[in-house]
Amino acid sequence: MNTPSDHDILCCGDAGQADALAALLARYGLELVMHPPGAALPGTWWGEPEAGIVGLRVHARPDTPVHSALHEAAHTLCMDSQRRATLHTNAGGDDLEECAVCYLQILLADALPGVGRERLMRDMDAWGYSFRLGSTAAWFHEDADDARRFLQRHGLIDAGDRLTGRARGD
């Protein structure tokens, strides 16, 4: 991942973010585990400061980007219950599920005070996410119908793109 220098990425240690994120994840039965600065993060696929996932826990530290914590939480929610039961580091899944994860993390951002989808999409672009249409927002608005249908089919969002508060398989 590229570390951006021209955009201030919102991190879990920024004012109020860890508490808001923990509350959001708790609504889904997930736990945010905050580690001290510089600590190793269990379950990180990309390496620190990227969030890690082990079971129903999302591991982060103050310099972990909020988008990363939301992404890993969304992976946990999008996978089937069988994979979720043995989850450690590698979320697995296919390309469609990865797209659904990205779409869900954007919707989850709307539930975080002071974040919202527009901010999260800018952070994703600055961090180095890449989409066919050149930006996260363009993908989300113009090319994510398959991701939306995945989330609806598995009960994570309703027909109006509203979060249901459920994980896949629940």
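Source: prediction; values computed, not measured.

Cut-offs and rules
Residues numbered from 1 in each chain as written. Predicted model: local features only at pLDDT ≥ 70, side-chain atom pairs only at ≥ 80, totals over all residues. Heavy atoms only, no water. Helix = DSSP H or I, 4+ residues; strand = E, 2+ residues; numbered from the N terminus. Buried < 20%, exposed > 50% of the residue type's maximum accessible area, 1.4 Å probe, protein only. Polar contact = N/O pair within 3.5 Å; in protein donor to acceptor, adjacent residues only side chain to side chain. Core = buried A, V, L, I, M, F, W, Y, C linked by side-chain atoms within 4.5 Å. Contact = heavy atoms within 4.5 Å. Salt bridge = Lys/Arg side-chain N within 4 Å of Asp/Glu carboxyl O.

(A) Broad picture of the side chain of H71. In this structure, H71 sits in helix α2 (residues 66-78). Look at H71 and you get buried, because its relative accessible area is 8%. A distance of 2.4 Å separates a polar atom in the side chain of H71 from a polar atom in the side chain of Q105.

(B) Highlighting the nonpolar core. L70, Y103, W139 and L151 are the most contacted members of the largest nonpolar core, which totals 51 residues. Going through the elements one at a time, α1 (17-26), β3 (57-60), α2, α4 (95-109), α5 (116-127), α6 (136-142) and α7 (145-153) are the ones with two or more residues in this core. Per-element tally for this core: the top contributor is α4, with nine residues. Excluding its chain neighbours within four sequence positions, the residues that come into contact with L70 are L21, L24, Q105, L108, A109, L112 and L120.

(C) Up close: the side chain of T44. Along the chain, T44 turns up in the loop between β1 (31-34) and β2 (52-54). Owing to a relative accessible area of 16%, T44 belongs among the buried residues under this scheme. Only 3.1 Å separates the side chain of T44 from the backbone nitrogen of G47, close enough to count as a polar contact. Residues contacting T44, with those up to four places away along its chain left out, are E50, A51, G52 and T89.

(D) Structural detail: the pattern of salt bridges. For the structure on display, the rule yields 10 salt bridges. A salt bridge links E97 to R83; its shortest N-O distance comes to 2.5 Å. Separated by 14 residues along the polypeptide, E97 in helix α4 and R83 in helix α3 (residues 81-85) bring together distant segments of the chain. In this structure E97 comes out as buried when scored by relative accessible area, which is 3%. The salt bridge involving E97 is made with R168; its shortest N-O contact spans 3.2 Å.

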